[in-house]
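# Close look at the chain arrangement
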Amino acid sequence: MRYEAPETIEAAVALLGSSGKARPLAGGTDLLVQLRFGLAEPELVVDLKKLPGLRTIAKEKGGFRIGAAVTGAELGEHAELKRTWPGVIEAANLIGSTQIQGRASLGGNLCNASPAADSVPALITAGATVTIVGPGGQRELPVEAVATGPGKTSLAKGEFVASLFLPARPARSGDAYLRFIPRTEMDIAVVGCGVSLTLDASGSCTAARVSLGAVAERALLVAEASAALIGSKLDAKAMERLAAAARAACRPIDDKRGTKAFRIDVAGVLAQRATGIAAERARGQA
Amino acid sequence: MSKRHVTAIVNGDPVEFLCTPEQTLLDVLRDELDLTGSKECCSSGDCGACSVTLDGRLVCSCLVLGAEVEGKRIETIEGVAKGDELHPLQQKFLDHAALQCGICTPGILVAAKALLERNPDPSETEVRFWLAGNLCRCTGYDKIVRAVLDAAAEMRGS
Amino acid sequence: MATNPIDVERARSKQLRWVGTRGPRPDGIDKVTGRARYGADFNLPGMLVGRVLRSPHAHARIRSIDISKATALPGVKAIVTRDDFKDMPSEFVPAGEMMVNYRDIVRNVMAREKALYEGHAVAAVAATSPSIAREALRLIKVDYEVLPHVITAAEAMRPDAPLLHEDMITMGVEPAPTKASNVAKRVEFKTGDVKAGFAKADVIVERSFTTKPVHQGYLEPHACLANVNEAGQAELWCTTQGHFVVRSHCAKLLEMELSQIRVVATEIGGGFGGKTVVYLEPVALALSRKSKRPVKMVMSRDEVFKASGPTSGAHMTIKIGARKDGTITAGEAELAYEAGAFQGSPIQPGCMCAFAPYELENAHVVGYDVVSNRPKVAAYRAPGAPISEYAVEAVIDEIAQKLGLDPIEMRLKNAAKAGTRALYGPKFGPIGLVETLEAAKKHPHYSTPLGPNQGRGVASGFWFNIGGESCATINVNEDGSVTLMIGTPDIGGSRASMALMAAETLGIDVSHVRTLIVDTDSIGYTFLTGGSRVTFATGMATVDAAKDAIRQLCARAAKLWEVPEDQVVWDNGFAKRTGENAANVAPMSLAELAAKAGKTGGPISGHAEINAQGAGPTFGTHVVDVEVDEATGRVDIKRYTVIQDAGKAVHPGYVEGQYQGGAAQGVGWALNEEYVYGADGRLQNAGFLDYRMPVTSDLPMIDTVIVEVPNPAHPYGVRGVGETPIVPPMAAIANAVSRAIGSRMFELPMSPPKVLKAVQARKANGG
């Protein structure tokens, strides 16, 4: 296995395209485990951390441009980002432990494509997009179009995610991410739920996105759940419709982390709770 | 497979070593630099026994490649005491009987030190959530948390 | 050596200077600075890396093993397989608190006819680098005939189940069965007449319980460094609870004389019973012997889970009858424990402990030791007892609830006391169960109001504790400092306790006592660290060795004073004259006498080699409050109190640590820890991500109360404390959860899906 740490995007693209068994490296919290346990055997590891823009957070068009290799710890220390997108940041900060946070990145969490990745449902509800660079140049994708299945992405050979973009936020908006795990920390999400919504002055929901993780082969943007909230005052009936829609959207598996039935039940519960927190944030605009 | 030549700063001292691309920072610390204080207990970042700081950031050294630390500052358990003066955390761990077998202790001390450098007055909950990536099977964590809170108080001069 | 009643009295009257204090730990500085060297921290020049090839199949016949390509790989210096280990006939020996059979050990260390679990060692290589070793394993060709497998005791006991050992005839059954099965043994304990007892009962509860295998979860993987020279003399550094036991097993398996192998116990990163057996050690020695170079072997985390023994999963049925006033009239239990691939689950102690906290006139317990295709179980902290006592304590709680009785009161009504005859035979001497129950009742925790969705659970527990062989040597150095050498590895701070007892007995400042764990060449045979025996048995040897040194010091003083030896006594670190003119004679300190040792006859060294008898059993009572999220089944521990008898807490800080650590392991066992197998018989959660042990944020502070009912057999009244703390937690938590959700739980772990299901069932029934 070779290790390279290129300093330009072009060099990185060329290296990744040079071998069918090349893997990009950001924080390494997934890749190194895979290397150690024989689940990945790349010929070449391309370290992205020296590339321009991969490790910065910048304001852009009223939103934020986040380098794909920015660590969870750095995201959590960015006061403005935290204030604007508390759901995205709390999702990113739930990944692993403090030590993992010291290295783990949004780019890695997204492209490792675990169906249970914590940051992904929150990025989806935020309407995040990614900028992908590759041999064919640069392109944008909504974040929900990246993962296609467990461990699989829509990226072509030689491509990698260089940055993520969080759009400008309307007033009276809030987001939240909750996950269910059996312990209090350290577990992979059994169910993850992100909710982002906007309220009008009367408290009616004018926009909402609801996303579920760990209940399908990839994180889902659940249109019916979003629809249950839009136009409502987030009353009990709307919450029941929300929970039912969340449950109906699940196509989970039984595995060592949870059963189908359990995931379905909990998806409904988390959707309601995350909505409650997002709504409070929207009202308080904390 | 050829080895890479890497220079870095470990516990304040400049070091040079050779490593294969697969060797992790933990492998390098233990096998190339003879710093066996950091322990390998899971190789997957789930136990924290290999905790070090990298450019001031708390990380699991089993999840960093040796090749990645070129030019970087690494602090391990061996650098926590200054000469023969124990860090207050080390002393409090002894005073509170906060270790039994001691295998998790280096990782926990490095992690706790990183916490107190960021947050000199953590609550019990903050201590527990910060240290959630450091497993201990012997103590049930009670005395560890007390020792950290007591060290924090002493360092604040309370 | 007979116990001096004066010492016991002193212990009771608390005129102690060192025993009972919270001084610093002798090995503490090295452990907080990273200096301490554990099993994987040792290296030798020319060292090779050893790695094991493990079966990917849960059950398979091994038709052939072809090592030719691997042997030819440059950098490979030795390969061993079943051909390198002589077959052993059946022979049972004690290993900690369990028995092991050499015929099984040699097969567990290196598979012979069959691979009996995924992870079973099939071959091992020693090579010049990790990558060459990995490549060599890939080149070894094993021809497996895959066979159907069984995982649980229930599956293994079915009449049509595939057999692990075609010649296994169940022992303990009259007449002996004619057909082989996977049931190795049946055990039975009986007293009184349970039928008559149940007839007297006003309420009878019968419940079935299942538990899953859980691993001891020590953070430090098995590791060793073996070095065999051309003459066949061996050195072995290994992380172990018992280096003398390692020496015995390795000498046997490698057909070496005991004097030819020196084993050094490195610092140990946790054991809890799991490091009382051998896995890598004989293999590393065999590789070193073959290659004539040192060989280092370290298990990876997934190897630890797949190839070292967890404890049994079990299936149990408990039936208890009681009168309206809570008096238990009869108790019946049927237990089936999984032994793993070879016989030897802790079914016997499981049966013996099930009803041990209670005075029962009528009791009947039957147990089965069942093999199945998973790793051979090893001891785990009070082996067998946490499992059976969990089930019994849960039924007792259900009865208390049915009768409207306070759970502590019901236990007090039936509590074993001094003079109670245990189901397994002996009468208890002084014991502390009642004291722990009374302390629990009075504890502020017990009267703390509970919030919504919260429940409180109580459970008691028992463990016998053992004594056994221990040696101690006390060298009195010329300057009056003292070196204490013992042979029991220090898992939890025992060096501190030994130093305190030595200092107390000698009457000197503990800072002058240095405690060392020495290798197998440097002290007499010492049984392993386990069975909660070190503070008791090695402590007893330490005190005896100190008294031996005192005898010699007094004799030297007598010589110097030119008086008969019976006119000299030892008092608090000084030799003192008795008899005529005693008041005019200045006492001589240990240091003064030590300085003159050469002139008065030679160096002074006290020693003791004993088989400690009279270990006192230890009882504990736990109280735990939980809060259940009824929408998700998540259980949070809100409050936890451990109340346990220690006899005499030599170092209270480390006694509290044992209480808290055992409780924490119990929390994991109760809520989230279990081995998860796929349909293919392979372990799916062989890492700390999905084998879910408690983390810091999962637990509150754990309050502890040390009760002291001294054990008269020990000079300071010590009882072992290490194991009992893991016995009550599962039942205490199950009882708390049951009361919080209003529905009884019968399975461990009580993971969220199970709790949620119970809540939903209760709601569906109108609850």
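Residues numbered from 1 in each chain as written. Chains lettered and ligands numbered in written order. Predicted model: local features only at pLDDT ≥ 70, side-chain atom pairs only at ≥ 80, totals over all residues. Heavy atoms only, no water.

### Observations concerning the sheet that holds strand E7 (residues 121-127) of chain C
Residue and element names in this part refer to chain C. An order of E3-E7-E1-E14-E11-E12-E13 is seen for the 7 strands of this open sheet, with the pairing classed as mixed. Two strands in the sheet have a free side with no partner beyond their single neighbour: strand E3 (76-80) and strand E13 (261-265). Sheet twist, expressed as the mean angle between neighbouring strand axes with direction ignored, is 20°. One ladder, built from 4 bridges, connects strand E11 (residues 223-228) with strand E14 (residues 295-298); its direction is antiparallel. The residue of E14 that forms the bridge with Ala226 is Val295. (Pairing = 2+ DSSP bridges. Helix = DSSP H or I, 4+ residues; strand = E, 2+ residues; numbered from the N terminus. Axes fitted to C-alpha atoms, helices over the stretch in contact; angles between N-to-C directions.)

### Re the packing of aromatic side chains
For the structure shown, the criterion picks out 18 aromatic pairs over all chains. Measuring from ring centre to ring centre gives 5.3 Å for Phe180 of chain A and Phe262 of chain A, while their planes differ by 70°; the resulting arrangement is edge-to-face. Of this pair, Phe180 of chain A sits in strand E11 (residues 173-180) while Phe262 of chain A sits in helix H11 (residues 260-284), and the two are 82 residues apart along the sequence. The exposure class assigned to Phe180 of chain A is buried, which follows from its relative accessible area of 5%. A residue is classified by how much of its surface remains accessible, and Phe262 of chain A, at 3% relative accessible area, is buried. With a centroid separation of 5.4 Å and 75° between ring planes, the pair formed by Phe209 of chain C and Tyr390 of chain C is classed as edge-to-face. On the criterion of sequence distance, the pair formed by Phe209 of chain C in strand E10 (residues 203-211) and Tyr390 of chain C in helix H12 (residues 385-403) is long-range, its members being 181 residues apart. Here Phe209 of chain C matches Tyr390 of chain C in class, with each residue buried. Grouped by ring-pair contacts, the aromatic residues Tyr424, Phe428, Phe462, Trp463, Phe464 and Phe619 of chain C constitute a single cluster. (Phe/Tyr/Trp six-rings, centres within 6.5 Å; stacked < 30°, edge-to-face > 60°. Buried < 20%, exposed > 50% of the residue type's maximum accessible area, 1.4 Å probe, protein only.)

### Looking at the sheet that holds strand E6 (residues 114-115) of chain C
Residue and element names in this part refer to chain C. Taken in spatial order, the 3 strands make up an open sheet running E6-E2-E8, and their pairing is antiparallel. Two strands lie at the open edges of the sheet, namely E6 and strand E8 (141-146), each paired on one side alone. By the bridge criterion, 6 bridges tie strand E2 (residues 60-66) to E8 in an arrangement that is antiparallel. From the neighbouring strand, Ile65 faces E8, where its bridge partner is Val142.

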